[in-house]
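Each chain, letter by letter, is given below.
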Amino acid sequence: MIRVAELFAGVGGFRIGLERTGGYEVVFSNQWEPGEKRQWASEVYEARFGSKGHSNEDIADVDASKIPDFDLLVGGFPCQDYSVASTSRNSKGLIGKKGVLW
């Protein structure tokens, strides 16, 4: 079994793909939306997969020693600061909170 750490997990689409492939176990996941009071994506993720091993805090604040050993690191790149779906005024690129996470 390949142990997986999943960052920027969203609602778990990447995890669903891994689980359908078989041979993967997600041992840690993180989903946190900066600047949002209600963490919708994290709530959906926990409702679907449970809260064990799931973190809903800024990944920069997560104590690395609390992350279980893993074999594969995956993540959904937080692209909102680069997205063409936003206006140029709202796209913050490398200065945006999400733009520095890559």
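Scroll up to find the structure.
Here the residue numbering is sequential within each chain, running from 1 through the sequence in written order. Local features in this predicted model are restricted to residues of pLDDT 70 or higher, and side-chain atom pairs are both shown and tallied only at a pLDDT of 80 or more, whereas totals for entire chains, interfaces and linings draw on every residue. The side-chain figures draw on all heavy atoms in the structure; neither hydrogens nor water molecules are used.

### Considerations on the overall build of the protein chain
So, step 1. A tally of regular secondary structure across the protein chain gives two helices and four strands.
So, step 2. Each helix and strand of the protein chain, ordered N terminal to C terminal, gives the series β-α-β-α-β-β.
So, step 3. Across the protein chain, every contact between residues at least 6 apart in sequence was considered, and the portion connecting residues at least 24 apart equals 57%.
So, step 4. Residue burial considers only the protein chains on display, and all accessible areas are found by Shrake-Rupley using a 1.4 Å probe. Roughly 6,700 Å² of accessible area belongs to the protein chain as shown, and the carbon and sulfur atoms make up 55% of that amount. Strands are runs of DSSP state E lasting at least 2 residues, helices are runs of H or I lasting at least 4, and numbering of each runs from the N terminus. Note on contacts: a residue pair qualifies if any of its non-hydrogen atoms lie within 4.5 Å across the two residues.

### Considerations on the side chain of S55
So, step 1. Counting through the fold element by element, S55 comes out in strand 3 (residues 54–55).
So, step 2. Of the polar contacts made by the side chain of S55, one reaches the side chain of N30; its length is 3.0 Å. Two N or O atoms count as a polar contact when they lie within 3.5 Å, although within protein this holds only if one can serve as hydrogen donor and the other as acceptor, and sequence-adjacent residues are included solely when both atoms are side-chain atoms.

### Describing the pairing of strand 1 (residues 2–7)
So, step 1. Bridge analysis of strand 1 against strand 2 (residues 24–30) gives five bridges, and the strand direction is parallel. The residue of strand 2 that forms the bridge with A5 is F28.
So, step 2. Place the viewer so that the strands point away; then a crossover is right-handed whenever the path from the first strand over the helix to the second strand goes clockwise. Since strand 1 and strand 2 lie parallel, the crossover through helix 1 (residues 13–21) that links them has a hand, and here it is right-handed.
So, step 3. By definition, two strands form a pair when at least two bridges between them are found by DSSP. Looking at chain direction, strand 1 and strand 4 (residues 72–75) are connected through four bridges and run parallel. By the bridge assignment for strand 4, A5 is matched with L73.

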